[in-house]
Each structure stands twice: as structure tokens, then as C-alpha cells.
Amino acid sequence: MATMARQVPKIGVTLASDRVIYPLIVLLLFFAAWQYGTGLFGIPGYLLPTPSDFLGKFVSDWAALSYHFASTAYVVLLGFLIATSISIPLGLAIASYPSLRRNAMPLFVFFEIIPKTITAPLLIVWFGFGFSPRIALTAVMTFFPILVNSIAGFSSINPRLGLITRSMGATPWQTFRLMRVPAALPHIFSGMKIGMVYAVAGCMTAEFVGANEGLAYLILSASSFMDTALMFAGIVATALLGMLLTGALLALEKWMMPWRNERS
Amino acid sequence: MGKITAMRKELDVKNVEQHERSFIRGLGVTKSFGEEAGAFAALGPVDLNIAQGEFVSILGPSGCGKSTLMLIMAGLMPATGGKIDVDSKPLLKPLTDVGIVFQDHLLLEFRTALENVLLQQQVRRLDRVALKRRADELFDKLGISGAQGRYPRQLSGGMQQRVSIARALVHDPAVLFMDEPFGALDAISRTQIRHDLEILWMETRKSVLFITHSIDEAIGLSDRILIMSKSPGRIVKEIKVDLPRPRPAYLGDYPEFSKYADEIYRTFEELGVYHFN
């Protein structure tokens, strides 16, 4: 009997440096075209600042940018964690009890259909100014994508696997821990990745409606001074925040689901 | 249908003596689906006896209820009537001193091949080191050593099914239940895996219930073949296969093979499974 101890040849592996260098070149070319294009076409700086203008703000206005960045990051993280810790167990409950799914789902669908941003003024009435309404809107925005995906995840297990576990004499807890949770993880993570994008949007919306700090507040106040360069810097900082948080989530996903990293 | 009744009568006499010394005993097992008035009688009554270390196949056309019978014998589906004893104890909950292989491998995609096999060790709280050694041994005997660290989707259908067989044997159960385990494989893989299974069985001599619709597999592997009829599924014929082991890939060299095969085909014809003019 031949053994199958062959090593799979490593095809299609790109150097890490290749994956960094080429996108970086594209980015630099884009900024260069922007930098010289605005001068070439005579676009005034108060309409479209050059990259050097708004990237310069990261030096000149570092204190303000980092302060508001930290504020928004704190709210996004907290809101995201609150939403996650409620929606995953709730998703498990809905997936586990068909009667709950039948009877409570219409209500959840009703709430899900409401564009969450329009609840911002209400949340300010309820929670006042400060961190609370921002955390609340962030959590509300994040909640539903994670809930929907958790339900799908906890429902995804092949029911025939029960034949195997029962013949092993597995306890319900063993079945849950060893099968249901790992099977649900990919769905839960896709929900969290969508949720993270929503979380940033939710926090920014709340900051527009009523807040005295945060990146959206910074952008709004810069607009009243026609400081477009600072506005662009605020937008770039927000994008960086989103990338940072999503990147952290991706790293966590990779660590928790090693079976997804392997090639087929 | 008179012939079938006669076949059954002949079987009943044999069953009494077999019943006494069997490890797994099913008596008058029936299964119907649906409510009382419109209930559909899918199975039985069936008497099924498997002696310690005996390899028994159930051969029958699709939809005759052979998979249902296996699930009932494993305690994974309640019977409508009849009783089942395993090792002289009535079977009241799922049998756990067992390994089961289904046509769909039912491996966990998020566990490596080895981790899938060692699920038995984890759930049953057995000794990790000993079971790992046993798993490696099984991987070797099943011709998949080196695949331990791979995930199911990185394996071919044949290899997946071999991992599934390793999972069914790693905890050294007394009984092995297999429901068309090679049904999804190509003919070439089937012959090899059939041979590997036979060798493995010869070493361990477990009591096996093997469900199949392949005549070659049934003759190639079994000590005894039970032929099932359709709706309701009943055992209508028993064929004792007396061929030396291990049996070759090409069974046609044995004159007895064509005798058994002929008997099976004739039975199928009598049952109306085949219509030849």
C-alpha cells in the first residue's frame, strides 16, 4: 500500500514583499497624479486640497487628530463589543428554538428594516450628549448583521452529524463545543466584518447629530471654517481606523479558524 | 408471492438456533412512518442476528429500508415494533460500543483528518497517547498515512471515506455498522478500499453489519448475505458465503462466486427487482 506522504508543491505563493510593494506603488502614483493634477487644472485648494496639504495636517494638527481618533475608536470598539455580546447568544437562541424563530423573527425583521441612522436624534433624547448616545447608535447599527449571520451559523450544522455524536455518547455540551461552535464561526465572522463597517458608520452618524468630540465632530467643525484639508485628514483618519479594526478582526479570524488558511 | 413466503418459512427455522448465540439480535423489528390510519409500513417484521465476529451484509434495492434497519439496530431511530438485544441486554438508547460509517463521510471540515478520528478519544475521554498511536496505525493500514494533518476538503473522496473508517475503528468498538460506505466512490477505489477493509476486519474480527446494493461487495466481504425485499422491507433470503479470505479483487475466478451471484440475481428476479425477458 503506497503511502501518501508526499509534500504538496508550493504553487502560486507570492513573496510578502510583492504583495506590499506593488499596491504601495499604485497608491503613490495615485497621490502623485492628484498632487500635480490639481495644479495642472488649477483646482483651488479650498475645494480639493492636495495630498501634501491634508497629509501635512497629520503633523500640524496631530494633537487634535489623535485625540478625536482615540475618542471615535473607543466608542466604536465599545459599541461593537456590546452588540456582539448580545447578538451572538441571541442568534444561538433563535437558531435553537424554532418557536422563537417563528414568533419573534417578524419583530426582529421590523427593527432590522428601520434605517438605524434615523434613530440618532431619538437616542440623543434618551441618552443625552457624551459617549452614551454614540455607543448606543454604534451598537444598534452593528447588532443586526451579526445577529442574522449568527442565526445562519448556528443553523448551519449538518443534522446527520448527530448520528455520529449520538453513537459516541456525546453530551449536549460536547456537541455544542466541539461541533456547533466551530461550524458557526465562519458565519459569525462574516457578520462581525460587516458589523465593524457599520459600527464606524454608526459612531460617525451619532457624532454628526450631536457630540463634542470624535472624528466626525472634527470634520463637521473643520467644515465651518472651510478647512477642507483638515476635513480630508479626518476622512483619511476614519478610513485608517476602519482598516485597523477590520485588520484586527481578520487576524483574530485567521487565528481562530486555522482550517480556512489551508489551500485546497 | 407464494415463493417469498416459502423462503421466509425456511429462514424462520434457521433463525431460532442462530438467535440463541448471537451478539446482536433483532426480533420482529418493524418501522412504519406516519399516523395510524395512513401509516406507511416501511420495514419488517425483520429478524436479524449477528454473531460475535461475523460479517453480515444486507443486500437490497434502493428504498427497501436497509438504511432504516441499520439506524434502528444502532439505536439511532426508534422501531415501531419488535425488540433488539445487544450482548444480551435490551437496546434502549443509542449503541455506543460501535463505529459507524455512512455513505456521506460526515467528517468535520474544521478538523484535520487526525483530529476527526480523535474526536472519538475526546468525546469518550480515552487516553490521548494510546488513541493517537492507534489512529496512526489505522492511517497506515488504510493507506492514508501522511494525510493526518490535512483537512477533509483537501482529500479525495476515497481518502475522506478512509478517514471516516478510521474514525469508526480507532476506539476499538465491538460492532461496526456501515451504510453503503463505498457508494459514492468510483469502481477502482471501491475495489481497493474493499480489500483494505477486509484485511482490517480479518485482524480485528468485529461484528459487522454492512449495508450495500453492490452484489460484488456483498460476496467479496460477507460471511452471510441477507437479501431484502421492498415495501415493506423484509429479509427474504440468506446466503452463507463460504470463500477463503482474503478474497481477490476479481471474484469471477471462483466457480462458487457465480453460484452465489446467480442465486442473488434469481432472488432479485423473483422479487420483481429485475424484469428480464
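In short, a report on the structure. These numbers come from a predicted model, not from an experiment.

1. As for the overall build of chain B
Broken down by element type, chain B carries nine helices and 10 strands. Relative to the compact-globule value of 19 Å for 277 residues, chain B shows a C-alpha radius of gyration of 19 Å, a close match. Dimensions of chain B, computed from C-alpha atoms along their principal axes, come out at roughly 55 × 45 × 35 Å. Taking all 277 residues of chain B together, 56% fall into the buried category. Considering only contacts in chain B between residues 6 or more positions apart, those separated by 24 or more positions represent 70%. If you sum the accessible surface of chain B, you get close to 12,000 Å²; carbon and sulfur atoms cover 52% of it. Computing the positive centroid from 36 side-chain charges and the negative centroid from 36, chain B places the two 3 Å apart.

2. A few points about the sheet that holds strand β4 (residues 81-86) of chain B
All names here are of chain B. Spatially, four strands are ordered β2-β1-β4-β5 in an open sheet, and the strand pairing comes out antiparallel. Edge positions in the open sheet fall to β2 (40-50) and β5 (89-90), since each of these has one partner strand only. Where helix α2 (residues 66-73) meets the sheet, its contacts fall on β1 (24-33), β2 and β4, and the angle it forms with β1 comes to roughly 125°.

3. With respect to the sheet that holds strand β3 (residues 55-59) of chain B
All names here are of chain B. With respect to topology, six strands assemble into an open sheet ordered β6-β7-β8-β3-β9-β10, the strand pairing being mixed. Either end of the sheet is taken by a strand with one partner, and the two such strands are β6 (98-101) and β10 (235-240). Across the sheet, the axes of successive neighbouring strands diverge by a mean angle of 15°, strand direction being ignored. In the sheet, β6 pairs with strand β7 (residues 175-179) via four bridges, with the strands oriented parallel. The residue bridging G99 from the neighbouring strand is L176, located in β7.

4. Side note on the nonpolar core
Ranked by internal contacts, the top residues of the largest apolar core, which has 81 residues, are L48, L69, F177 and L209 of chain B. Broken down by element, this core gets its largest block of residues, 13 residues, from helix α8 (residues 172-209) of chain A. With residues near it in sequence (within four places) discarded, L209 of chain B still touches L48, I50, V56, I58, M70, M73, L176, F177 and M178 of chain B. If you look at the next biggest cluster of nonpolar residues, it comprises 33 residues, including I144, A147, V170 and L185 of chain B.

5. A short note on the pattern of salt bridges
Residues and elements named next belong to chain B. Per the counting criterion, the structure on display carries 21 salt bridges over all chains. In this structure, R245 engages D223 in a salt bridge whose closest nitrogen and oxygen atoms are separated by 2.9 Å. On the criterion of sequence distance, the pair formed by R245 in the loop between β10 and α9 (255-271) and D223 in the loop between α8 (215-221) and β9 (224-228) is long-range, its members being 22 residues apart. Salt bridges linked by common partners bring R134, E137, K141 and E203 together as one network.

6. Things to note about a nonpolar patch on the surface
A contiguous nonpolar surface patch, about 800 Å² in accessible area, is contributed by V20, I21, Y22, L24, I25, L27, L28 and L29 of chain A. Judged by its relative accessible area of 44%, L27 of chain A falls in the partly exposed class.

7. Quick look at the pairing of β4 of chain B
Every regular strand shows the same layout, with side chains that alternate between the two sheet faces. Residue and element names in this part refer to chain B. Here five bridges tie β1 to β4, and the two strands are oriented antiparallel to one another. Pairing of I24 across the sheet is with V86, part of β4. Across two bridges, β4 lies against β5 in antiparallel orientation. What sits directly across from D85, in β5, is P90. Taking the residues that link successive antiparallel strands as the turn, the β4-β5 hairpin has two residues, and the phi of D87 there is positive, at about 55°.

So, how was this worked out
- Counting starts from 1 at the beginning of each chain's written sequence and moves along it residue by residue.
- As a convention, the first chain written is A and the first ligand written is 1, with the rest following in written order.
- A pLDDT threshold of at least 70 governs which residues receive local features in this predicted model, and a stricter bar of 80 or more applies before side-chain atom pairs are shown or counted, although totals over entire chains, interfaces and linings include all residues.
- Calculated side-chain values reflect all of the structure's heavy atoms, with hydrogen atoms and water omitted.
- A run of DSSP states H or I qualifies as a helix once it reaches four residues; a run of E qualifies as a strand once it reaches two. Both are numbered from the N-terminal end.
- The reference for a compact globule is 2.2 Å times residues^0.38; the radius of gyration itself is calculated from the C-alpha atoms.
- Only protein chains enter the accessibility calculation, which uses a 1.4 Å probe; a residue whose area is less than 20% of its type maximum is buried, one above 50% is exposed, and one in between is partly exposed.
- The contact rule is simple, with two residues in contact once any of their heavy atoms fall within 4.5 Å.
- Surface accessibility in these figures is a Shrake-Rupley result with a 1.4 Å probe; residues are shielded only by whichever protein chains are displayed.
- Neither His nor the chain ends is counted toward charge; the positive residues are Lys and Arg and the negative residues Asp and Glu.
- Charge positions come from single atoms, namely NZ of Lys, CZ of Arg, CG of Asp or CD of Glu.
- The criterion for strand pairing is that DSSP finds at least two bridges linking the strands in question.
- Axis lines are fitted through C-alpha atoms, for helices just across the contact stretch, and the angle between N-to-C directions can take any value from 0 to 180 degrees.
- Think of a nonpolar core as a cluster: buried Ala, Val, Leu, Ile, Met, Phe, Trp, Tyr and Cys residues, connected wherever their side-chain atoms sit within 4.5 Å.
- Whenever Lys or Arg places a side-chain nitrogen within 4 Å of a carboxyl oxygen from Asp or Glu, that contact is recorded as a salt bridge.
- Patch rule: a residue counts if its relative accessible area is over 30% and it has no salt bridge; like charges are joined within 9 Å, and nonpolar side chains (Val, Leu, Ile, Met, Phe, Trp, Tyr) within 5 Å.

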